[in-house]
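Summary of structural features
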Amino acid sequence: MGMKWSVDYNTGIEVIDEQHRRILDYINQIDELKHCNDRVKIKEVLDNIIDYTQSHFTFEESLQEEANYKYRVPHKRVHDLFIKKIEVYRERFELGHEIETELHEALSKWLINHIRHDDADYVGAVKENMLGIIKENEKKKGKNWFSRFFS
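Heads up: these notes are all about the structure in this document. Since the structure is predicted, the reported quantities are computational estimates derived from the model, not experimental observations.

Secondary-structure assignment places Q29 in helix α1 (residues 14-33). Classification of Q29 as partly exposed rests on a relative accessible area of 30%. For Q29 and G132, which are 103 residues apart along the polypeptide, the C-alpha to C-alpha distance reads 39 Å.

Here it is, written out as structure tokens:
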């Protein structure tokens, strides 16, 4: 049974939610491949998960840095540990182990935990920073716009 996206998983930052949904799609692909024994396909999904998750993490980390999020170092540590963990699965897979069921469970649990706890925590800081940037831009634009009427 594939995992379904729940509104509870929304962080409120659209681009992050899209990336999380994509990771969820990959997790469901692993689930679909559990019984097919197509090792080439499984390896492909595994590589995709690792590559995509890494770029997602880099993106999250850059948002956190920009927002000056105070827990960004421990958050990055959580990311790094997770990547290590999936790489161990890939190594075991390459040694011929059947890891699909275990990997699917670990990923599902991790994604929900990550969204609900680790990510929920930084979202406030990032959103505030984004709003600040938007307000700054509006101020710049607003002045020009107002000056046309009130010069």
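So, about the nonpolar core. Nonpolar side chains tend to gather and get buried jointly when the protein is soluble and globular. Counting 27 residues, the largest nonpolar core has I49, I86, L103, L107 and L111 as the members making the most contacts within it. Contributions of two or more residues to this core are made by α1, α2 (39-66), α3 (72-94) and α4 (100-150). With residues up to four places along the chain from it excluded, the contact list for I86 reads L46, I49, I50, L103 and L107. Core analysis: the next-biggest nonpolar cluster, separate from the first, contains 8 residues, I13, L63, V123 and V126 among them.

Further remarks concern the packing of aromatic side chains. Two aromatic rings, taken as a pair, are described by how far apart their centres are and by the angle between their planes. Applying the stated criterion to the full structure yields 7 aromatic pairs. Here a set of aromatic residues connected by ring pairs shows up, and it is made of F57, F82 and W110. The cationic tip of R21 hangs over the ring face of W5; the distance from NZ or CZ to the ring centre is 5.1 Å. Here the basic side chain of R39 rests over the ring of F93, its NZ or CZ set 4.0 Å away from the ring centre.

Moving on, we come to the pattern of salt bridges. All chains considered together, the criterion is met by 9 salt bridges. The salt bridge involving K43 is made with E94; its shortest N-O contact spans 3.4 Å. One end of the pair, K43, is in helix α2; the other, E94, is in helix α3, and 51 residues separate them in sequence. Of the charged contacts, one joins R92 and E102 as a salt bridge, the two residues approaching to 3.1 Å between their closest N and O atoms. With R92 in helix α3 and E102 in helix α4, this pair connects stretches of sequence that are 10 residues apart. Using a relative accessible area of 24% as the deciding quantity, one classes R92 as partly exposed. Among the residues examined, E102 registers a relative accessible area of 39% and is labelled partly exposed. A cluster of three or more residues bridged by salt bridges with shared partners is formed by K43, D47, E87, R90 and E94.

How each quantity is defined
- Residues numbered from 1 in each chain as written.
- Predicted model: local features only at pLDDT ≥ 70, side-chain atom pairs only at ≥ 80, totals over all residues.
- Heavy atoms only, no water.
- Helix = DSSP H or I, 4+ residues; strand = E, 2+ residues; numbered from the N terminus.
- Buried < 20%, exposed > 50% of the residue type's maximum accessible area, 1.4 Å probe, protein only.
- Core = buried A, V, L, I, M, F, W, Y, C linked by side-chain atoms within 4.5 Å.
- Contact = heavy atoms within 4.5 Å.
- Phe/Tyr/Trp six-rings, centres within 6.5 Å; stacked < 30°, edge-to-face > 60°.
- Lys NZ or Arg CZ within 6 Å of the ring centre and 35° of its normal.
- Salt bridge = Lys/Arg side-chain N within 4 Å of Asp/Glu carboxyl O.

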